[in-house]
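Listed below, chain by chain, are the residues.
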Amino acid sequence: MSRPSPAPRIVVGVDRSFAGLQALRTAVQLARRDGAHLHAVRAWTFTPLWRPGTMPRLWREEYARAAHRYVRDVFHGAFGSVPWDVTVRIVVEQGYAGQVLVDHACRETDLLVVGAPRRGRFGAGGGHVTRYCVTRAAVPVVAVPAPAWARADTIRRFSRDLERFTR
């Protein structure tokens, strides 16, 4: 007797950046289309200044609760609430964001969705988590850029025009 394969999962890294919000929207669309479960992942780190590894359990729990609230707030910002038509699991783990995402997206049927911030002027800059996931994940990775209206040069031009016309 063969065992039924688990439902496909869409694993998405959650943050409040424009690229992160667009990645969340894309992940929800893919989960709806494929009938997949959505795992919204938020990683957090804290390094105490005194002795590493001495973080009290209560602090760890409070950071985890804050990260969980953060994910819910991002869903509210992107959709108004957590979507009811998609099975959503909020995953909060301590660690480096890229490593947590790659470790969580470990099944053959998984798809990893991450925001892809615009790179800097000379190819450096944002996107280290995206690069980490693209180069190390064993599953397909979808890197979603910010919407066109949210790109830095567009926002700069808008603020310049707004300032000029409101004088």
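As a reminder, the structure under discussion sits directly above these lines.
Rules behind the numbers
- Residues numbered from 1 in each chain as written.
- Predicted model: local features only at pLDDT ≥ 70, side-chain atom pairs only at ≥ 80, totals over all residues.
- Heavy atoms only, no water.
- Buried < 20%, exposed > 50% of the residue type's maximum accessible area, 1.4 Å probe, protein only.
- Helix = DSSP H or I, 4+ residues; strand = E, 2+ residues; numbered from the N terminus.
- Pairing = 2+ DSSP bridges.
- Expected span 1.5 Å × (residues − 1).
- Contact = heavy atoms within 4.5 Å.
- Axes fitted to C-alpha atoms, helices over the stretch in contact; angles between N-to-C directions.

## Some details on the pairing of strand S4 (residues 111–116)
Across the six residues that make up S4, a large majority, six, are buried. Of the two faces of S4, the one lined by Leu-111, Val-113 and Gly-115 and the one lined by Leu-112, Val-114 and Ala-116 are each fully buried. The sheet contact formed by S4 and strand S5 (residues 141–145) spans five bridges and is parallel. In the sheet register, Gly-115 faces S5, and the bridge partner there is Val-144.

## A short note on helix H1 (residues 18–34)
An ideal rise of 1.5 Å per residue puts 24 Å on 17 residues; H1 measures up with 24 Å between its terminal C-alpha atoms. Among all positions in H1, only Ala-19, Gly-20, Leu-21, Ala-23, Leu-24, Thr-26, Ala-27, Val-28, Leu-30 and Ala-31 are buried. Looking at the packing, one finds that the buried side of H1 touches strand S1 (9–13), strand S2 (37–44), helix H2 (57–79), S4 and S5. With its phi angle positive at about 65°, Gly-35 sits one or two positions after the end of H1.

## Topic: the sheet that holds S1
In spatial order, the strands read S3-S2-S1-S4-S5; together these five strands make up an open sheet with parallel pairing. Of all the strands in the sheet, the pair left with one neighbour each is strand S3 (88–94) and S5. Direction aside, the axes of adjacent strands within the sheet are offset by 25° on average. Sheet analysis places S1 next to S2, joined by five bridges and oriented parallel. When the sheet's bridge partners are listed, Val-12 is paired in S2 with Ala-40. Sheet strands touched by helix H3 (residues 97–104): S1, S2, S3 and S4. Its angle to S2, the strand with the most contacts, is close to 150°. Of the strands in this sheet, S4 and S5 touch helix H4 (residues 128–136), which is tilted by about 150° from S4.

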